[in-house]
Structure formats: C-alpha cells, structure tokens
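# Observations on the model geometry
Listed below, chain by chain, are the residues.
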Amino acid sequence: MTSIVHSARAARPDDWWRSAVVYQIYPRSFADANGDGIGDIKGILSHLDYLSMLGVDVVWLSPVFRSPQDDNGYDISDYQDIDPLFGTLDDVDKLIEELHDRGIKLVMDLVVNHTSDEHPWFESSRDPQSPKRDWYWWRPPREGHEPGTPGAEPTNWGSFFSGPAWQYDPRSGEYYLHLFSRKQPDLNWENPEVRTAVFDMMSWWLERGVDGFRMDVINLISKPVLADGPETPGTGLCYDLSLVADGHRLTEFLGEMHERVLKGRNLISVGEMPGTTLEKAARYTDPQTGALSMVFQFEHVMLDNGPTGRFDSKPWPWVEYKENVTRWQKGIGQGWNSLYFENHDQPRSVSRMGDDSPRFREASAKTLATVLHMQRGTPYVYQGEELGMTNYPFEAEGDFRDIETLGYLHQALRMGTPLEDVLPGLARGSRDNARTPMQWDSGVNAGFSETGPWLAVNPNAAEINAAAQLVDPDSVFHHYRRLIQLRHDDKVVQLGELEMLFPDDERLVIFTRTWGEGQLLVLANVTSEPVRLPLGLPDHGACEVVIGTHEVDDVDVLAGWESRVVRLS
Ligand code: ISL
Ligand code: CA
C-alpha cells in the first residue's frame, strides 16, 4: 500500500507534446552560412520561416557541442560549449529566442551514455590514480592473456561500429569500454558523481531556455554484468544488442533524473532506446510513474534487416510492419511512442519503403507520410523528408563518410568479402543517405553552401528541392504541412484508437482511428500498381476526403501509391 503511494507521481501538468510534431535538424547537413562546406547554427537561423511554414512545434537539434567529430558530434568533449564548426553559445541563445518567437520549442541532444575520449573527464580518468578513474569502465585484461593482444579484451562484446567494444590503454595496462567508437568511452552511471555532473549540466541547459532533451541511447546507461555473450557467427564477438540494453538500474537512473532535473518543468523528454521492448517502453512513459514523455524505439526500423543487420536489408515487409504498428499502438497503453521512418541514422524512406522512381516518387513520399502521421504518437520529420529526398547513388568506398558504414565495410573486407559484394548493401543501408546536404534550391550545391560540401549533394537536387515545392500546392512539402495542420486541429488524429483492417494484405495499409463520435478511415496503396479496395470496408464512398494524394475518380480503386484519409460520418 505505502509503496504505491510513494512511487506515484502527479500526472504532468501539461502534456502538450501529445499533439506536437517534431522536426529534426542534423546541423552538419542543414545549411552552411559561413561557406566552409559544413552546416552551422547561423545557417539554421536563416531558415526558421521555412519551419514556421511547415508548422512544426518542436525542433530537435542533433549535437552542436564541442567535439572532435569522430561520430559527427555524438562524441562530446565539452557539454557546455558549442563547437566552433557550428558557432557559439550566443548563436544558440539566438536560436532559442527566434524559435520561441515563432512558437517553436527547442530540444537538445543529450549524449551521456558516453563522452569523447578528449573530454577532460576521460583524459583525467586515464590516470589510474585519478579520482575520475571510476567515471568510466576500466577493466584488466582477460585472465591468462597478454594485455593488448587479440582476445585479451575483458569480454567478447562487439561495438556498434564493428570490432571489440574494449580499447587497451598501455598507460595503465587496462581496457576501457566503448559501445560505440573507441573515441566514445562509456560513462559509469553507477558512480553517483557521474550522475550529479550530468544532471547539473542538464539543468544548466534548461536554465538557458531549452525545452527538453532527446536522450541518445539512454537505455544503455545501466550496464549488465560484464561477461561474455553468445558469439555472432564468424565474427568472434558478441553483437547481441539485447545483452547491453535496458540494464537493471535503468529505471532507477531515469527516476533520479526525473526527480532531480525534469520534474514539474513542462518539458519534452525523449528516450532513444535501441533494443528496448514494448512492455518496458510502456513503463518508462507511463504518465504516473514513468520518467520520460516518450520513447524512440527501433523495432519497426529493424524489420527489413537481414541476418547480419542493416547492411543486408530485404524489401520492406508491409505485413510485418502493420502487425508491429498494431502491437505498439495498443500495447503502449497510457504511455507514448514516437512515430518515425527517418532520422540521421536511417536511409531515406522513399527509397527504402516507397518508390523513388520519377513516376511514383512524390506519391509514395506523400503516402508514407500519411501512413505515419495518421497514427497515434508524436511524429518526427527528419530534414528533407518533407521534400521526399531520396537515397544517394553511392558507388565507391570513397563516397562514404559515416563511421558505422566504414567500420562495417572494413570488417567485411578483413573477413574476405569482396568489395563489390558489400557495396550494394552499404549503399542501401548507410546512414550517409540521410546526411547528404539539405536540398534548398536548384542552384550551386543545392543552396546548402557556397563551397563543396563535406558530403556530396544528391544529383537529383534540381528536381527535388524546397524552393520548387514551396510554390507548388501539390508538393510533398504541402502534403506534410496539411498532415501537421490536421494533427493540430483534430482530436481523432491526436488521441484516437487505431484499428488495423485487413492486416494480411501486402498491398494496402488500411486503418481506422476512433475518438468519441469521431472516426477517420485511412486508405493507402503501398505498391506502384492500382489496387481495388476489398469488400467489407466501412461505407465511405460519399464521405469527405480530408487529405488525399490524387483526384478520386473511382472510390473503389487506389492508383499506385495513392492514399486517402476519409472522415466517416
Ligand atoms: O541505427 C543504428 C543501428 O545500427 C546505429 O546506427 C545507431 O548508432 C544507434 O541507433 C544509436 O544511435 C545514436 O547513438 C550513436 C550515434 O552514432 C547515432 O547517430 C545516434 O543517433 C552513438 O552516439
Ligand atoms: Ca559552416
């Protein structure tokens, strides 16, 4: 009885984010104001009216903090300063102010599972006598092994970026843990000093005016027992994500963060959680007892992964996707989920799930948007998704910049796979697909920069760009704008219960949303061929089409990649 009373928290005063749409900016690729080929904060400042026009409520800004840029800023060496590449703290203050003037909130990326190896905390920690030694995960070599030799790592864990998750440091003869690159050592959250340092830093940003955090791989902060896991065949290492996800102290650490930083502040807190489960996600986001507004989970974006993961992907499995949507929509209960197809780690959705040929590119971009934005949850629009930007035609090793892609490539080559066998999978799955420069107009470098950019502009920028779409009321951009507007205006879209119809149909995604008396029917053809609608649908022929991709000439047939949202009455 008493334990229930103690653990119950007051419901949040304001869950404004339940009707919000988030726009993600990857600063390096958004807009370059000073002509060095890399996007920056002043570049963002010059495009805020574009975001207003789209109608988004929140900007999530990927990391702009001081960083050696080993993983494009996800390796931070100073949490309380801005990398000169991107600008200054004054620029961020200006960004907060100008976004707020437009009624848009700013969410910063919180990367605290690891720091950069160039962070002063880690530099100090390298000294075995340092009071900060225990701020990271230092361990002696495996018993009976010569330190620094293959197989001497304390456990057989593989890093997300390929190779062992342990790095030998000759200075002390010990290894440190890095679940990502060796320049991203994992912080030891077991140490209360680490937690206090992180919470103080978060409060400092909140005082500066930011409206919340997107928390990078936050379900990895509590580590399991450091022991060998099952080997991934042929690698000599264990790459099993579930081994390191959702450690036993995670709820406690998040609870403490809520108590000491987030509570009562009317924020949005998003937990990026690779490998988490629906049951856990529902608990982390429970309005009474959970610490977070919403999770950002990975089940659906892994559905097309092949046996060795994302670089060996299959065609998008629509039936499995629909099954997954149904499970999450129902199972999240009172909790809350993020809705996304794209971000800076995922290939472009039009190329992955849609049809990026000139004939169907726009219709499939719109229909994917409809399928996603008509669900319950908080939709995320990743820069350029609202234009239907596509994957890049990568052809050679030298075309890639991403550390994950290159790590995988080098491991495959070491294992004897010929380059030409690896490249097609990399081209489809690489995170660089999302990171090509934003296509603003049909001019030089797509209007992104005056100089040659850090990653090549997609050659289709002359056909796909913001300037052309803003003046075309039928563009993908305006379709997104209408979907966002509909969410703001319509309780059925915000809160309605989702029921999937014809779950086994591979060609159609059909569902209803119901809230009180209101009901919407979503009809989407996810193929490039016309499809006749099945018998047994709710009567909709004479109903209002709220948002559609085509002029309706036959209510019973959807053209290739046609979709309609119909208000049933
Ligand atoms: O998507 C992924 C699964 O293969 C990985 O690319 C990704 O690293 C993982 O989802 C975690 O992502 C986050 O943390 C990483 C950073 O590289 C990603 O950009 C970030 O979104 C380490 O900070
Ligand atoms: Ca720049």
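Refer to the structure presented above.
Residues numbered from 1 in each chain as written. Chains lettered and ligands numbered in written order. Predicted model: local features only at pLDDT ≥ 70, side-chain atom pairs only at ≥ 80, totals over all residues. Heavy atoms only, no water.

### Re the overall build of the protein
Secondary structure assignment for the protein yields 18 helices and 20 strands. Rg of the C-alpha trace for the protein: 24 Å, near the compact-globule value of 25 Å for 569 residues, within the 12% margin. Overall size of the protein, expressed as C-alpha extent along the three principal axes, is 75 × 65 × 50 Å. Each of the 569 residues in the protein was classed as buried or not, and the buried ones make up 60%. Within the structure as shown, the protein displays about 21,800 Å² of accessible surface, and the carbon and sulfur contribution to it stands at 50%. Distance from the positive charge centre (52 side chains) to the negative charge centre (88 side chains) of the protein: 4 Å. (Helix = DSSP H or I, 4+ residues; strand = E, 2+ residues; numbered from the N terminus. Rg over C-alpha atoms; globule rule 2.2 N^0.38 Å. Buried < 20%, exposed > 50% of the residue type's maximum accessible area, 1.4 Å probe, protein only. Areas by Shrake-Rupley, 256 points an atom, 1.4 Å probe, with all protein chains shown as cover. Lys, Arg positive; Asp, Glu negative; His and termini not counted. Charge placed at Lys NZ, Arg CZ, Asp CG, Glu CD.)

### So, the coordination of the calcium ion (ligand 2)
At 2.2 to 2.3 Å from the calcium ion (ligand 2) lie its protein donor atoms, namely D32 (OD), N34 (OD1), D36 (OD), I38 (O) and D40 (OD). Considered as a linear motif, the donors of the calcium ion (ligand 2) on their single chain read D-x1-N-x1-D-x1-I-x1-D. For the pair shown, D32 and I38 are each scored as buried. (Donors = N, O, S within 2.8 Å, 3.2 Å for Na, K, Ca; no water.)

### Structural notes on the packing of helix 12 (residues 361-373) against helix 17 (residues 476-489)
Between helix 12 and helix 17, the shortest axis-to-axis distance is 9 Å and the interhelical angle comes to 15 degrees. As summarised for this structure, helix 12 and helix 17 are arranged roughly parallel, according to the angle between their axes. Considering how the two elements wind past one another, helix 12 and helix 17 form a crossing that is right-handed. Side by side, helix 12 and helix 17 meet where E362, A365, K366, A369, T370 and H373 of the first sit next to V476, H479, Y480, L483 and R487 of the second. Residues that form the contact of helix 12 with helix 17 fall into these classes: five nonpolar, three polar and three charged. (Axes fitted to C-alpha atoms, helices over the stretch in contact; angles between N-to-C directions. Parallel < 35°, antiparallel > 145°, perpendicular 65-115°, else oblique. Left-handed = near helix turned anticlockwise from the far one by under 90°. Contact = heavy atoms within 4.5 Å. Nonpolar A, V, L, I, M, F, W, Y, C, P; charged D, E, K, R; others polar.)

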